[in-house]
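Okay, here's what each chain looks like letter by letter:
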Amino acid sequence: PGPGNRAMAEALRAVRNALPGPGRRRLAVLAHRWVGDPPAQGESPKVVVFLHGILGSKANWATPAKRALEGGAKGWRALLVDHRAHGDSAVGGAPHTIDACAADVSETLSSVAPSLSALVLVGHSFGGKVALAAARDRQTAGLGAPKVTWIVDSVPGVSKDEEPVSSGPPRGTSVPEVLAAAEAVAGRDFPGRAAAV
């Protein structure tokens, strides 16, 4: 292996060693999909990694990633991943923490694009927390921070520019209504996200 591969292996070892627990974590590469062509072997691509939120999957980012690349991100590639226990990814071993998820992302990146010329991380909600942890871990490991890290979230309720439909909050958004809905489904198993929503 060349010096770049050794440095990557050492950096990943440092990230893994930063995780708590004797067994650390056990997970292979996350399920992922490239938007556009995957990088050729030996290529040092510019990659935007899209990270979904809780109960999401890589499919959540398919259209935004495609539009981002069509919108003038020349020379960039988009990598969509499923976090552990989401979509097509395995559950993986403990610990199930944001740091473990960040290490999963780093391990996946090193497997599918071992040499990057530039990196951007984009995360929605929980994926944003993973993106921040992954950015921190890259700096700690001496790999350099991503070019940009974006955290995307949405604010519940009606925006200040919209007209409310009624004088009260939208149905299902008050604390008692949310708690009642959570209690009604507690302990139930759902075959998938669509059945839970």
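Residues numbered from 1 in each chain as written. Predicted model: local features only at pLDDT ≥ 70, side-chain atom pairs only at ≥ 80, totals over all residues. Heavy atoms only, no water.

Considering the overall build of the protein chain
We apply this condition: The way it works is that DSSP assigns letters per residue, a run of H or I at least four long becomes a helix, a run of E at least two long becomes a strand, and they are numbered from the N terminus. When a residue's accessible area, from a 1.4 Å probe over protein chains only, is under 20% of the maximum for its type it is buried; when over 50% it is exposed; and in between it is partly exposed. Here a residue-residue contact requires only that any non-hydrogen atoms of the pair lie within 4.5 Å. Accessible areas in this description were obtained via Shrake-Rupley with a 1.4 Å probe; residue shielding takes into account the shown protein chains only.
Helix and strand counts for the protein chain stand at six helices and five strands. Reading the protein chain from its N terminus to its C terminus gives the helix and strand order α-β-β-α-β-α-β-α-β-α-α. The buried share of the protein chain, reckoned over its 197 residues, is 35%. Taking the contacts inside the protein chain whose residues are at least 6 apart along the sequence as the reference set, 78% of them involve residues at least 24 apart. As displayed, the protein chain offers around 11800 Å² of accessible surface, 56% of which is attributable to carbon and sulfur atoms.

Comments concerning the pattern of salt bridges
For clarity, the threshold we go by: Salt bridges are defined as contacts in which a side-chain nitrogen from Lys or Arg sits within 4 Å of a carboxyl oxygen from Asp or Glu.
Under the criterion given, the structure shown has six salt bridges. Across the pair Lys 58 and Asp 82 runs a salt bridge, and its minimum N-O distance is 2.6 Å. On the criterion of sequence distance, the pair formed by Lys 58 in the loop between β2 (46-51) and α2 (62-70) and Asp 82 in the loop between β3 (76-81) and α3 (98-112) is long-range, its members being 24 residues apart. No difference in accessibility class separates Lys 58 from Asp 82, as the two residues are buried. Arg 136 is the partner of Asp 99 in a salt bridge, and the nearest nitrogen-oxygen pair spans 2.5 Å. Within this pair, whereas Asp 99 is found in helix α3, its partner Arg 136 is found in helix α4 (residues 126-140), the two being separated by 37 residues in sequence. According to the relative accessible area criterion, Arg 136 is partly exposed, its value standing at 40%. One network of salt bridges, with partners in common, ties together Lys 58, Asp 82 and Asp 88.

With respect to the packing of α3 against α4
The line we're drawing: Here an angle of 0 to 180 degrees is reported between the N-to-C directions of two axes, which are lines fitted to C-alpha atoms, with helices fitted over the stretch in contact. Roughly parallel covers angles under 35 degrees, roughly antiparallel covers those over 145, roughly perpendicular covers 65 to 115, and oblique covers all other angles. Crossing handedness is read from the near helix: turned anticlockwise from the far helix by less than a right angle, it gives a left-handed crossing, and turned clockwise, a right-handed one. In this count, Pro and Cys sit with the nonpolar residues alongside Ala, Val, Leu, Ile, Met, Phe, Trp and Tyr, while Asp, Glu, Lys and Arg are called charged and the others, Gly among them, polar.
Where α3 contacts α4, the two axes come as close as 8 Å, and the packing angle between them is 70 degrees. The pairing of α3 with α4 is recorded here as roughly perpendicular in orientation. As α3 runs across α4, the sense of the crossing is right-handed. Note on element contacts: α4 touches α3 through Phe 126, Lys 129, Val 130, Ala 133, Ala 134, Arg 136 and Asp 137, opposite Ile 98, Asp 99, Cys 101, Ala 102 and Val 105. Residue classes in the contact of α3 with α4 are distributed as eight nonpolar, no polar and four charged.

Structural notes on the confidence of the model for the protein chain
Basically, it comes down to this: Confidence scores per residue from the predictor, reported as pLDDT, run from 0 to 100.
Per-residue pLDDT for the protein chain averages 80, and the proportion of residues at 70 or more is 69%. Model confidence for the protein chain, summarised as mean pLDDT per element, is weakest for helix α1 (residues 3-17) at 61 and strongest for β2 at 96. In the model, residues 20-25 has pLDDT below 50 throughout and makes 16 contacts with residues more than four positions away in sequence or in other chains.

A look at the environment of Phe 50
With respect to the secondary-structure elements, Phe 50 resides in strand β2. Judged by its relative accessible area of 6%, Phe 50 falls in the buried class. In the structure, Phe 50 is positioned 78 residues away from Gly 128 in sequence and 9.4 Å away in space, judged by C-alpha atoms. Contacts of Phe 50, omitting those with residues within four sequence positions, involve Trp 61, Ala 65, Ala 78, Leu 79, Leu 80, Val 81 and Val 122.

Section: the pairing of strand β4 (residues 118-124)
Spelled out, the test is: A pair of strands is considered paired only if DSSP assigns at least 2 bridges between the two. Seen with its strands pointing away from the viewer, a crossover is right-handed when the path leading from the first strand over the helix to the second is clockwise.
By the criterion of burial, β4 is predominantly enclosed, with six of the seven residues buried. Summarising the sheet, β2 and β4 pair through six bridges and their orientation is parallel. Note that in β4 the partner of Phe 50 across the bridge is Val 122. Here β4 pairs with strand β5 (residues 148-152) via five bridges, running parallel. Its bridge partner lying in β5, Val 122 is registered against Trp 150. Each parallel crossover has a hand, and the one from β4 via α4 to β5 is right-handed.

Side note on α4
Quick reminder of the rule: To estimate how far a helix should reach, multiply one less than its number of residues by 1.5 Å.
Over its 15 residues, α4 runs 21 Å from end to end, which matches the ideal 21 Å to within 8%, given 1.5 Å per residue. Turning to α4, its buried residues are Phe 126, Gly 127, Gly 128, Val 130, Ala 131, Ala 133, Ala 134, Ala 135, Asp 137 and Arg 138. Of the residues flanking the end of α4, it is Gly 142, one or two places downstream, whose phi is positive at about 80 degrees.

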